[in-house]
Every structure is written in C-alpha cells, then in structure tokens.
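Geometric and topological summary
The chain contents come next:
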Amino acid sequence: MALQGLRVLELAGLAPAPLCGMILADHGARVVRVERPASAPAVQGRGKRSLALDLKQPRGAAVLRRLCRACDVLIEPYRHGVMEKLGLGPEILLHENPELIYARLTGFGQTGTYAKSAGHDINYLALSGVLSRLGRKDENPYAPLNLLADFAGGGVLCTMGIIMALYERTRSSKGQVIDASMVEGTAYLSSFLWKSGILGIWNRPRGENLLDSGAPFYETYKTADGKFMAVGSIEPQFYEQLIKGLGLDSSKLPSQFSISDWPEMKKLFADVFSQKTQAEWCRIFDGTDACVTPVLSIEDAASHLHNKERGSFIKNDQEEISPRPSPLLSRTPATPSLRRDPYIGEHTEEILLEYGFTKEEIAKLHSDKVIEISYPKAKL
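Residues numbered from 1 in each chain as written. Predicted model: local features only at pLDDT ≥ 70, side-chain atom pairs only at ≥ 80, totals over all residues. Heavy atoms only, no water.

1. So, unusual backbone geometry
Cis geometry marks the peptide bond from S326 to P327, where omega comes out at 0°. Note on placement: P327 falls in the loop between β11 (321-323) and α14 (348-354). One non-glycine residue with positive phi stands out, namely D138, at about 65°. With respect to the helices, strands and loops of the structure, D138 is situated in the loop between α5 (121-128) and α6 (147-172). Of note in this structure, L145 is not a glycine but carries a positive phi near 55°. (Helix = DSSP H or I, 4+ residues; strand = E, 2+ residues; numbered from the N terminus.)

2. Notes on the side chain of T186
Within the fold, T186 resides in helix α7 (residues 182-189). Its relative accessible area of 0% is what places T186 among the buried residues. Beyond its immediate stretch of four places on either side in the chain, T186 contacts L125, S128, V130, L148, A149 and G153. (Buried < 20%, exposed > 50% of the residue type's maximum accessible area, 1.4 Å probe, protein only. Contact = heavy atoms within 4.5 Å.)

3. Quick word on the sheet that holds strand β2 (residues 30-35)
The mixed open sheet is built from seven strands, whose spatial order is β6-β5-β4-β1-β2-β3-β12. Edge positions in the sheet fall to β6 (176-181) and β12 (371-372), since each of these pairs with one other strand and no more. Of the strand pairs in this sheet, strand β3 (residues 49-53) and β12 are connected by two bridges, and their pairing is antiparallel. In the strand pairing of β12, L53 is matched with I371. (Pairing = 2+ DSSP bridges.)

4. Looking at the environment of M83
Topologically, M83 is positioned in helix α3 (residues 82-85). What makes M83 buried here is its relative accessible area of 0%. Counting along the chain gives 215 residues from M83 to I298, while the straight-line C-alpha distance between them is 37 Å. Once residues within four sequence positions are removed from consideration, M83 is found in contact with L11, L64, L74, E76, Y78, L88, G89, Y102 and R104.

5. Topic: a nonpolar patch on the surface
Together, M160, M164 and Y188 make up a nonpolar patch on the protein surface, roughly 350 Å² of accessible area in all. Its location among the elements puts Y188 in helix α7. (Patch = residues over 30% accessible without salt bridge, like charges linked within 9 Å, V, L, I, M, F, W, Y side chains within 5 Å. Areas by Shrake-Rupley, 256 points an atom, 1.4 Å probe, with all protein chains shown as cover. Salt bridge = Lys/Arg side-chain N within 4 Å of Asp/Glu carboxyl O.)

6. Some thoughts on the domain arrangement of the protein chain
Here the protein chain is partitioned into domain 1 (7-190 + 329-372) and domain 2 (218-295). The C-alpha centroid of domain 2 is placed 44 Å from the C-alpha centroid of domain 1. (Domains from an automatic or database assignment.)

7. A word on α6
Over its 26 residues, α6 runs 35 Å from end to end, which matches the ideal 38 Å to within 8%, given 1.5 Å per residue. One or two steps after α6, the chain reaches S173, where phi turns positive at roughly 60°. (Expected span 1.5 Å × (residues − 1).)

8. A few points about the pattern of salt bridges
Throughout the structure, instances matching the rule amount to 23 salt bridges. Put simply, R7 and E354 hold a salt bridge, and the shortest N to O gap is 3.7 Å. Of this pair, R7 sits in strand β1 (residues 7-11) while E354 sits in helix α14; the two residues are 347 residues apart in sequence, bridging distant segments of the chain. The exposure class assigned to E354 is partly exposed, which follows from its relative accessible area of 29%. Salt-bridge contacts for K267 lead to E264; the nearest nitrogen and oxygen are separated by 3.4 Å. With K267 and E264 both in helix α10 (residues 262-273) and three residues apart, the pair spans about one turn of that helix. Classification of K267 as exposed rests on a relative accessible area of 56%.

9. Re the packing of aromatic side chains
Evaluation of the coordinates by the stated rule reveals 10 aromatic pairs. Look at Y221 and F273: their rings are 5.1 Å apart centre to centre, the planes differ by 5°, and that puts the pair in the stacked class. Of the two residues, Y221 is situated in strand β7 (residues 218-222) and F273 in helix α10; the sequence distance between them amounts to 52 residues. Y221 gets classed as buried once you look at its relative accessible area, which sits at 4%. With a relative accessible area of 0%, F273 lands in the buried category. (Phe/Tyr/Trp six-rings, centres within 6.5 Å; stacked < 30°, edge-to-face > 60°.)

Written as structure tokens, this is what we have:
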C-alpha cells in the first residue's frame, strides 16, 4: 500500500482527527490511537491500534515524547496551548525528532482571536462565510450534518497537508508543523462560492439560486411511496431528457432559465414525481442522461447495483458495513482492515514493546495507572 511503513500517532479526539487517522491507516500506515484511560469507545478506528495513556500525568507525557521520537506523524486535535501545557508542544517534539510531521487539527487554528475558543462544525461553517449560503428560501441557514467543516474542511484537508509534508520531507529530511483550521479548510473547499458570483450563480438571496434549491431542475422530489428522487438536470440537453421522462411537453413550458417561473415549475415537477414510486422513476430514468437518481438511505446505498458492482462498501468481521477507501489507486490500492474497531487500551502493551519499552517499564506504568491495558474477552 502507498503508506506502508509510515508510523502515525493519533491523539484521541472527535470526528475530524479520527477520519484523518483512518485514511492514513486504510492506505497502509501503522496508526496508533492514543486514548484516555476509561474513555468512550473510539469511532472510525478501522485499521488502528489503541494505546490508553494518561497524558495529564508527567510520566504519561514522557511516554508520548518517547513514542514521538520514533514516529513519522503526530495528529493533535486539542485547542491551542493544551499540548504546550503538557510539555508536548512542537518546539520540544521537533527538537527531539526533526523529521516529525506535527499536524495540529483545530476549529479556529493556532492563532487569532478565537484560537483558544470552543466550537463545533456549525461554528466553523458560520465563521467561514459558507453557512450563510446553506438553506432554503425564507428559512434559517442550516448545516449539512457535521460533514463540511469537521470531516471535509478538517479531516480530509489535514490528511492532504500530512501527505504534502511527507513528500517535502523526502527532499529536505525535515519535518514541520501543520496548522489545519476547519474554518479555513471549509472556506478553501468552498472557493467556488467566491468566484461563482461572476457567473451569476449566487447573485440572488439564499434558496433562490441555481444550486441551492432555487431551480426546479436541481432539487429533490417526493415519490408516491414516500421516498425521494434527486434531480440535477442543469444542462439544456439533460433538462430535455428530464422533461421527456416526466411525460411533459417542453413546448408548453416556460424557458428552463426563466427564474420568475421556477416556483411554479417546482410545484409542477413535485406533482408529477408524486404519482410514481421511486422504483418506477428509476426504471424511467436509469440509462438516460437526465441526471435523475434515487435518494438512497444509508442502509440501501450498499445494495444499489452500481455500488455493488464497484464494491463501494465493505463489511468487517462483525458484519458492519462501511464505505471503501477512496480514491482508488491502480498500483498501490488501499486494503482496509476488516477487523472490528479496537477496544480502549487493547494494544497498549504490544505498542510500547514495539517502541522499545521493557516489560518492567510497562508493568510499572500500569501499576501507577499511567497506562491502561485491556484484553478482549474470549467468546465462549
């Protein structure tokens, strides 16, 4: 795999950091999740091992310092200043390991007025300017779950930063600090919004534009069985196929881009879509270029023919379904682990031995409650 042999330490956090670590693990990195003893079970732990370590104890921080001397990447998701208080700031860790990639993944970044403030996805979206564009006409702005800031602007872009820093290290043999701000990551992902005004795509109030539910041909519609179809028939040639599939006569309809007629056209389309089931609409539109597809549930996505043919979803040894790593690499594809996610502290002893700790040192750390060791219960 592409990242075979890479050693990564992921400090336990919510949402974005676990995704970052999982992407690296899926592509071959040996990812250790450093978790708080007696903490909640990890999410997105696929392919990782778990080390339970109390960083608030000086000896726990010393253990992490020792681990960092032999690893390639540290993923750190805490608010600005937390690691410095623990004596684990980048100045110390990079001095001891000049090749370390120290990735700091936070909401507001390492500097600025909000650097030490708490926040969540919706707050980062708000400060980026992007949230103001999300929502329907005459409704409040709304966040698309926590996908855009936490995972896309945070986890994915932090992973990209790590890969770029690793590539640069092949030339300089030096590590560096990555300041991954979810506010800036979200804005960067949404760069199109700053330019699309030139094209007239976002020059109307929220919910009245081409891509924000204003247009009748870029919308979701309820079907007779209570499911939904997604319509994205923007180009005129695709729009014509939409109209044909709906059984309408284009010569009797307003121009596609007559904005004043969009509200009435949406009502018309909604009425037509409500007369058939989702399966019936799929039979009509599948194989066409109308850009009409079923809105699948999380449960149904894995069983859709297209996704099954591509193997887009995988099942682990606990029969849990999850998405396969993306994108696909032709020569060094990801081979994600099919084992269950690790228990907290399941690999503590194994990891410390691997990093050069003696059994006596490990026993002492365990007895002093600096580390936690958990052994999976055997199934009888």
